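Observations on the model geometry
Below, each chain spelled out in residue letters.
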Amino acid sequence: MGEDDSFIEMVRLIAPEELSLDRISQRSLINFGEQYISAFRRSIEMKDQLNEMNLQFGGRALLIGPEGTDFETFITHIATEIPIKVIRLNLTEVITHKEQIPEIIRFVCEYAQRNAPCILYIDQLEHIGVPDTTNATILMSELDQMSWDDNEIIVIASSHRPQEIDTSIRSVFDRSFIVSQPDANDRLAALESILQERKDLDLTAISEYTDGWSFSDIKKLGIALLMTEPSAEGQINPEELEQIIADTHVMPISNPETLKYILTESKLKTSSKIQKSIDAYPEDFLEQLYLMAVGDNYQDTQRIIESLNTGLPLSAQDQEFLGRYPFLLSGTPEDRLTHLLKAKKSHDRLSRIMGR
């Protein structure tokens, strides 16, 4: 493509002085950045020895972490410490030009070579590295030809779903950094960055409360708490603090356990008396009850089970049906489907026997 800049809107060139380490950063990503920089500098010191042994540093790194991970911390730390400019792929623009992704990939890689030394950063790699596609083959070939040793390009990509990236692309990367949900140090450091002036808030308690939260959710909570009115009566007690956090309505929606809780809360509530009776159903009796529901209305039974299993809201009609057959709430989603299929088979067999 040479000097053709028809895809220039697909990339953003960022000088290191445009980046700042004063941002609210995820500490574990800073630590990973330090480890990478240490290896990078060591490779420069050992360049002659590596060349004699026909070995390369490579420098391609894949960051893997849950939704809400602050991958930007890693990029910012490396770019400001080396220092080196960053070329960032504009994923939004790329996705809107899906039919041109092969040409875009080639352009971006050529653009990085023209602007070396640099970091080429590809966010959410799973969107363009889909397994068994032409895009994946082209991307793998291009990335394989780029390294710090050959053309002074550091390739860094990030992903929330590495299983959705073509295997050949994953194998190109020299290093992989696995990022977990923020630990206590990560959470406390982020909260201190935002709430350092709020002496009325027990940041350690908030850190413990947000165990399992993503980094982005912790930042959102910190901002929401910053906007609350400070207490004039000293540090807020734990019970009141928990209520203040709840009143911000900031929740870690990306956390599977939180989502499961939300779906459960949005379902039809049953009385404790009914719930106790559900838990007490013997297995053989439960099969008879399913047979009764299927005999009454198989389509309604199936629809309600699908709604319960996926967390969809129930209509008034469904709630009335469920009131007659509350045992459908019992067991896991797999249990419900198993009982439904067995009951349908039994019902069909009995219908044939009865000549219906």
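Above this text is the structure in question.
Residues numbered from 1 in each chain as written. Predicted model: local features only at pLDDT ≥ 70, side-chain atom pairs only at ≥ 80, totals over all residues. Heavy atoms only, no water.

**Details of the nonpolar core**
Residues Ile 122, Leu 125 and Leu 143 are the most contacted members of the largest nonpolar core, which totals 33 residues. Elements with a minimum of two residues in this core: β2 (61-64), β3 (85-89), α5 (101-114), β4 (118-122), α6 (134-144) and β5 (153-159). The element best represented in this core is α5, accounting for eight residues. With sequence-adjacent residues up to four places away left out, Leu 143 is seen in contact with Arg 60, Ile 122, Val 155, Ile 169, Val 172 and Phe 173. Ranked by size, the runner-up nonpolar core spans 23 residues in total, among them Tyr 36, Ala 61, Leu 63 and Ala 79. (Core = buried A, V, L, I, M, F, W, Y, C linked by side-chain atoms within 4.5 Å. Buried < 20%, exposed > 50% of the residue type's maximum accessible area, 1.4 Å probe, protein only. Helix = DSSP H or I, 4+ residues; strand = E, 2+ residues; numbered from the N terminus. Contact = heavy atoms within 4.5 Å.)

**Observations concerning the packing of helix α1 (residues 27-45) against helix α3 (residues 71-81)**
Relative orientation of the contacting elements α1 and α3 amounts to 40°, with a least axis distance of 8 Å. Comparing the axis directions of α1 and α3 gives the class oblique. Remark: the crossing between α1 and α3 carries right-handed chirality. Across from Leu 29, Ile 30, Phe 32, Gly 33, Glu 34, Tyr 36, Ile 37 and Arg 41 in α1, the residues of α3 making contact are Thr 73, Phe 74, His 77, Ile 78 and Glu 81. Of the residues assigned to the contact of α1 with α3, the class counts are seven nonpolar, three polar and three charged. (Axes fitted to C-alpha atoms, helices over the stretch in contact; angles between N-to-C directions. Parallel < 35°, antiparallel > 145°, perpendicular 65-115°, else oblique. Left-handed = near helix turned anticlockwise from the far one by under 90°. Nonpolar A, V, L, I, M, F, W, Y, C, P; charged D, E, K, R; others polar.)

**Details of the sheet that holds strand β1 (residues 11-14)**
If you walk across this open sheet you meet the six strands as β1-β3-β4-β5-β2-β6, and the pairing is mixed. The open sheet has two edge strands with one neighbour each: β1 and β6 (175-178). Across the sheet, the mean angle from the axis of one strand to that of its neighbour is 20°, orientation sign disregarded. Contacts between α3 and the sheet are confined to β2, β3, β4, β5 and β6, with β4 contributing the most and set at about 175° to the helix. (Pairing = 2+ DSSP bridges.)

**Comments concerning helix α12 (residues 238-248)**
Those residues of α12 that fall on the buried side of the exposure criterion are Leu 241, Ile 244, Ile 245 and Thr 248. Along α12, the residues classed as buried sweep out an arc of 100° about the axis, all on the same side. (Arc of directions from axis to C-beta.)

**Looking at the side chain of Ser 28**
Mapping Ser 28 onto the fold places it in helix α1. Beyond its immediate stretch of four places on either side in the chain, Ser 28 contacts Val 179 and Asp 186.

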